[in-house]
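Residue strings, one per chain:
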Amino acid sequence: MSGPECCTNPPVMNSSFGNGSVEEIGGLKSYSTGDRSSNHGILVGSDAFGYEGVMLRKLADKISSLGYLVVVPDFFFGDCIYITSPPEVRADWLINHSPEKGCENAWKIIGELKRKGVYAVGAAGFCWGGMMVAKLAKYNEIKAAVILYPCRFTDNDVNGLFLLDVVESYVKIFLGVGHGWASRYSENDESAVRSAEEAHYDMLN
């Protein structure tokens, strides 16, 4: 959440949308979907608009259809950004919701998942969630990380990831897309849908 582009093309929000349910995991309300008995889980970090985005939950349900337990936490404890939020609120928002704090809360969720038998956890993040996942990926808490259109991403963040002893890593650049293109796109825009679905395909792989 570092510039006006982070608030462009806001998602449709619906607290009751999705095939899953909202439950508390690791002290955070979370949208949980998929096979509760699965020992493979995916943690999804939302953008600043929060975990009630319709497209985000559709994607979580899509991931879960492959046999994963998918968890989309409310990392902001209800204090998400709204399109009507005044500029001063947006400016202070990232101070109050740092990716570092989000990473700490992610550890709590992952810890609870592992106590319940989920021994392998991957993570994917959008915008703010991408920043959080980048920090999480520097530890041994997750097996795989996917970072989609992160904001405030520096060379040090990237270099820190590629210095890790990983099996495989790569960066893919999508041309002609705007911020939010992988989770806040119009389903009526064929080009936007193609780009988003290509990213989703790469993420699932």
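Structure: see above.
As the structure is a computational prediction, the values presented were derived from the model and not from experiment.

### Considerations on the pattern of salt bridges
This model, assessed by the stated rule, comprises eight salt bridges. A salt bridge links Asp47 to Arg184, with the shortest nitrogen-to-oxygen separation between them at 2.8 Å. Taken as a pair, Asp47 in the loop between strand S3 (40-45) and helix H1 (54-64) and Arg184 in the loop between helix H5 (155-162) and helix H6 (190-204) lie far apart in primary sequence, 137 residues in all. Using a relative accessible area of 3% as the deciding quantity, one classes Arg184 as buried. Note that Glu100 and Lys135 form a salt bridge whose closest N and O atoms lie 3.3 Å from each other. Residue Glu100 is located in helix H3 (residues 99-115), and its partner Lys135 is located in helix H4 (residues 128-136); the two are separated by 35 residues in the primary sequence. Because the salt bridges share partners, they merge into one network encompassing Lys172, Glu198 and Asp202.

### Side note on the environment of Lys135
Given the relative accessible area of 21%, Lys135 is considered partly exposed. Linking Lys135 and Glu104, residues 31 residues apart in sequence, is a C-alpha distance of 9.8 Å.

### With respect to the packing of aromatic side chains
Two numbers describe a pair of aromatic rings. These are the distance of the centres and the angle of the planes. One pass over the full model with this rule turns up four aromatic pairs. Plain terms: the ring middles of Phe75 and Trp128 are 5.5 Å apart, the flat faces sit at 45° to each other, and that makes the pair tilted. Taken together, the residues span a long stretch of sequence, with Phe75 in the loop between strand S4 (69-73) and helix H2 (87-96) and Trp128 in helix H4 at a distance of 53 residues. The same class applies to Phe75 as to Trp128, namely buried. Relative to Trp128, the ring of Phe76 lies with its centre 4.8 Å away and its plane at 80°, an arrangement referred to as edge-to-face. In this pair, Phe76 sits in the loop between S4 and H2 while Trp128 sits in helix H4, placing the two residues 52 residues apart along the sequence. Three or more aromatic residues joined by ring pairs form one cluster here, namely Phe75, Phe76, Trp93 and Trp128. Here the guanidinium or amino end of Arg57 rests over the ring plane of Tyr51, the centre of that ring lying 5.1 Å away.

Calculation criteria
- Residues numbered from 1 in each chain as written.
- Predicted model: local features only at pLDDT ≥ 70, side-chain atom pairs only at ≥ 80, totals over all residues.
- Heavy atoms only, no water.
- Salt bridge = Lys/Arg side-chain N within 4 Å of Asp/Glu carboxyl O.
- Helix = DSSP H or I, 4+ residues; strand = E, 2+ residues; numbered from the N terminus.
- Buried < 20%, exposed > 50% of the residue type's maximum accessible area, 1.4 Å probe, protein only.
- Phe/Tyr/Trp six-rings, centres within 6.5 Å; stacked < 30°, edge-to-face > 60°.
- Lys NZ or Arg CZ within 6 Å of the ring centre and 35° of its normal.

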